[in-house]
Structures are given as C-alpha cells and as structure tokens.
Amino acid sequence: MSTDLDQPAFSTMAERHRRELHVHCYRMMGNFEDAEDLVQETFLRAWRRRETYAGRASFRAWLYKIATNACLDALESGKRRRLQAHEPQAGSIPGAAASMAEVPWLQPYPDHLLDEVADNAAGPDAAVVAKETIELAFLAAIQHLPARQRAALLARDVLGWSAKETAELLEGSVASANSALQRARETMEQTLPRRRTEWPSGTDVGAAERRLLQRLIDAHQTNDVEGFAAVVREDIRVTMPPHPMVYEGWASMAPLFADAFDADGFGSWLLLPTRANRMPAAASYLRRPGEDVAIAFKLDVFRIEGDGRVAEITTFNHELFGAFGLPPTL
C-alpha cells in the first residue's frame, strides 16, 4: 500500500471490513461498546501504520492483526468499561460456575448487525457469525481464557487461519501458537454447556424457536406464571449481567415472576420479539400502574435446548435498545 494513499480511499477500503472487525473485537472483549471503541482504534492505528502493509497478505488479514493487537493491549492494560458493583439479591447464588454472572461486562449483539457480515453464506465471512461461536454461552466461556489463548482460538477455530498465520498474528512461533490453541480448546470443552446446539434430526429449528418465543411473550404479557413455567426447564438458569446474582432452577425464580406479573402492583408488560447472538430474544417494556406509556425495561435472551424448552435466560438492561433498532417507549 502506498503511503500517499489519501484518507478517503483508505477509509473506503477499511469500511468494507468494519462489521466483521467489530464482531471480532466483540468476541475478544465480550462487550458491544468496547468493540466499537476498538474498531475505531484499529482504523486509527491502520492509517498511522499504512506503510507497513506491503501487500504480502490480504488487507483484511492485516486489519485483523491490528484489531487483535488493539484488543490484547486493552485487555492487558485492564481497559474495559467500568461497571458498578452490585450486591447479590436474596435467593440468588453468587459466583455460580461458568455463568454469565461471572462476566459482568457481557453485552448482547443484535442479529440484524450480524446479518451485515453474513450476506454471502459461502464466503470467508460466514464463520465469523456462526451461531456456535457467537451465542452467549460461547462469549461467556471465551472470556475465561487468557488473552492470547483467546486470540489463538478465534484465529484458528473461527477465522479458519493456519497455524503459521496464527503465529504471525500473535508474533510468536508456530509451536507457541499451537500450544495456546490446545489449552484454549481444553478450557472451552470444560466450560461450554453440553449439547447446547443439539436438536432432533428433521427439526425446523427456526420455526420451533419462533413458536416458543411467542409462547414466552404471550405468557409475559398476560401475567401467566404457569404458562411461562410450562416452556422452561426445571433446572433453568437466569442471570442478569452486570448484576452478580444467579438463579438456579424454577423454584428459586418463581417468586420473581410472582412479583413481576403483578399488574396492579408492578405494572403491565409489552414485549417485542427480536434476536441477539443468533438466539431468540424479547425486548420488554413496562407500563407502570396509572401511566399511559410503556418504557424500555430489559432484554431477555433465551437459550433453548433440543427438548424445545428454555434452559437459560440472560437478562440485560435496555442500554442497547438503539443498536437493536428498538424504540425507547411503546
């Protein structure tokens, strides 16, 4: 690349890869807003170092290396969004192993933005947004890895890079890159939920998830606790990043729903279906008693197992409703 390339031309080349770089930084950091900052940092570094691109590798790979290094620098320096500490609530189980509660900085990623990457399902970008490597369980699990192991795993198992390319990315030897990958895979195998993507053969997963999501929405909007309980597993887990509480099993969370479904005391709900991290989700709006407007309240993301019931609910606040294209009020 010539150093006299003007900024508009450079920006046009870089912008083609903005979304997939954002997804890559999101995986590294587990946080949508941190990823936005790091993509901007990536483009700034790339512009300043444009003379280092000699054309021996693809422009895309060159940007990925810069983005990965930006993330590694941020992780090693401890730079991530500062989160207010919250005390566990009664009935919750603080610090349950391998739960979203251990990743208080975790944020969801809107599916409609992932679709910007996946326009060509047969192309090199397809793996970047594959469900197995973008769902919340994967995002939470990968946050347990040391930064360089995380980068090695993403390079090899998500981007499909070779051992040599991964070693160059990490500026180390092939042996060290392979070692980091092996340790990362072992940790992920121990951390990820079993059978998280298994469905019976012949199942139309998309249709099954839509039907279940509608049942969840109907139960929520009609304050039907029994209807909600009918579509979740007895051992359901509920977490609420950045809060540290973990609710294990329907019995522990039933009192929450009894309070939330009290229309006279708490309010009434309006829900909109959406998707996050290739998972069904619902945006909830709460209309308090005596008020005419329902205000953005929370976003629930549902992990559904092959038995057709909800195994996990991850509840986020409404701060990313704008990124999801959701209105602030209904």
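These figures come from a predicted structure and were not determined experimentally.

Engineer: What is the right way to look at the pairing of strand β6 (residues 310-316) in this model?
Structural biologist: Consecutive side chains of a regular strand alternate in pointing toward one face of the sheet and then the other. With respect to burial, β6 is a largely interior element, seven of its seven residues being buried. In this sheet, β6 lies alongside strand β1 (residues 232-239) in parallel orientation, the contact comprising four bridges. The residue bridging Val 232 from the neighbouring strand is Val 310, located in β6. Hairpin connection from strand β5 (residues 295-304) to β6: five residues lie between these consecutive antiparallel strands, with Gly 308 at a positive phi of about 80°.

Engineer: What should I look at first to understand the layout of surface pockets in this one?
Structural biologist: To find leftover empty space, one rolls a probe the size of a water molecule over the atoms. One number sums up the size of the largest pocket: a volume of about 650 Å³. In this structure, the largest pocket is lined by 26 residues; those nearest its centre are Met 240, Leu 256, Phe 297, Lys 298 and Thr 315. Among the secondary structure elements, those contributing two or more residues to the lining of the largest pocket are α12 (250-260), β5 and β6. A total of five residues in the lining of the largest pocket trace back to one element, the largest contributor, which is α12. Class assignment for the residues of the lining of the largest pocket results in 17 nonpolar, six polar and three charged.

Engineer: Can you walk me through the pattern of salt bridges in this structure?
Structural biologist: A side chain with one charge may pair with a side chain of the opposite charge, provided their charged atoms come close. One pass over the structure, following the stated rule, counts 21 salt bridges. Salt-bridge contacts for Asp 111 lead to Arg 275; the nearest nitrogen and oxygen are separated by 3.0 Å. With Asp 111 in helix α5 (residues 111-114) and Arg 275 in strand β3 (residues 268-276), this residue pair connects regions lying 164 residues apart in the sequence. The exposure class assigned to Asp 111 is buried, which follows from its relative accessible area of 6%. A relative accessible area of 30% places Arg 275 in the partly exposed class. Measuring nitrogen to oxygen at the nearest pair gives 2.8 Å for the salt bridge that ties Asp 115 to Arg 278. Taken as a pair, Asp 115 in the loop between α5 and α6 (136-142) and Arg 278 in the loop between β3 and β4 (279-287) lie far apart in primary sequence, 163 residues in all. According to the relative accessible area criterion, Arg 278 is buried, its value standing at 15%.

Engineer: What am I meant to see in helix α7 (residues 147-158) here?
Structural biologist: Along an α-helix, residues three or four apart share an orientation, since each turn contains 3.6 residues. Its 12 residues give α7 an end-to-end C-alpha distance of 16 Å, which sits within 8% of 16 Å, the value for a rise of 1.5 Å per residue. The element α7 is largely enclosed, with a buried count of nine among its 12 residues. Residues Ala 147, Gln 149, Arg 150, Ala 151, Ala 152, Leu 153, Leu 154, Ala 155 and Val 158 constitute the buried set of α7. Where the residues of α7 are buried, they touch α2 (18-29), α4 (59-76), α6, α8 (163-170) and α9 (174-191). Just downstream of α7, Gly 160 is the residue with a positive phi angle, here 75°.

Engineer: I would appreciate a short explanation of unusual backbone geometry in the present structure.
Structural biologist: Note on backbone geometry: most residues besides glycine have negative phi, and most peptide bonds are trans. Pro 241 connects to Pro 242 through a cis peptide bond whose omega is 10°. If you trace the backbone, Pro 242 turns up in the loop between β1 and β2 (246-248). If you check the backbone angles, Glu 171 has positive phi at about 55° while not being a glycine. Relative to the helices and strands, Glu 171 is located in the loop between α8 and α9. Although it is not a glycine, Asn 277 sits at a positive phi angle of roughly 55°. Note that Asn 277 resides in the loop between β3 and β4. We classify Asn 277 as buried; its relative accessible area is 0%.

Engineer: What is the right way to look at the packing of aromatic side chains in this model?
Structural biologist: By convention here, two paired aromatic rings are described through the distance between centres and the angle between planes. Enumeration according to the criterion identifies 14 aromatic pairs in this entry. Sitting above the plane of the Phe 266 ring, Arg 288 keeps its charged end 4.7 Å from the centroid. Of note, Lys 298 hangs over the ring of Trp 269, and the distance from its end group to the ring centre comes to 5.3 Å.

Calculation notes
- Residues numbered from 1 in each chain as written.
- Predicted model: local features only at pLDDT ≥ 70, side-chain atom pairs only at ≥ 80, totals over all residues.
- Heavy atoms only, no water.
- Buried < 20%, exposed > 50% of the residue type's maximum accessible area, 1.4 Å probe, protein only.
- Helix = DSSP H or I, 4+ residues; strand = E, 2+ residues; numbered from the N terminus.
- Pairing = 2+ DSSP bridges.
- 1 Å grid on protein atoms, 1.4 Å probe; cavity = no way out; pocket = protein on both sides within 12 Å on 5 of 7 lines; lining within 4 Å.
- Points joined across faces, edges and corners; volume = space filled by probe spheres on them.
- Nonpolar A, V, L, I, M, F, W, Y, C, P; charged D, E, K, R; others polar.
- Salt bridge = Lys/Arg side-chain N within 4 Å of Asp/Glu carboxyl O.
- Expected span 1.5 Å × (residues − 1).
- Contact = heavy atoms within 4.5 Å.
- Phe/Tyr/Trp six-rings, centres within 6.5 Å; stacked < 30°, edge-to-face > 60°.
- Lys NZ or Arg CZ within 6 Å of the ring centre and 35° of its normal.

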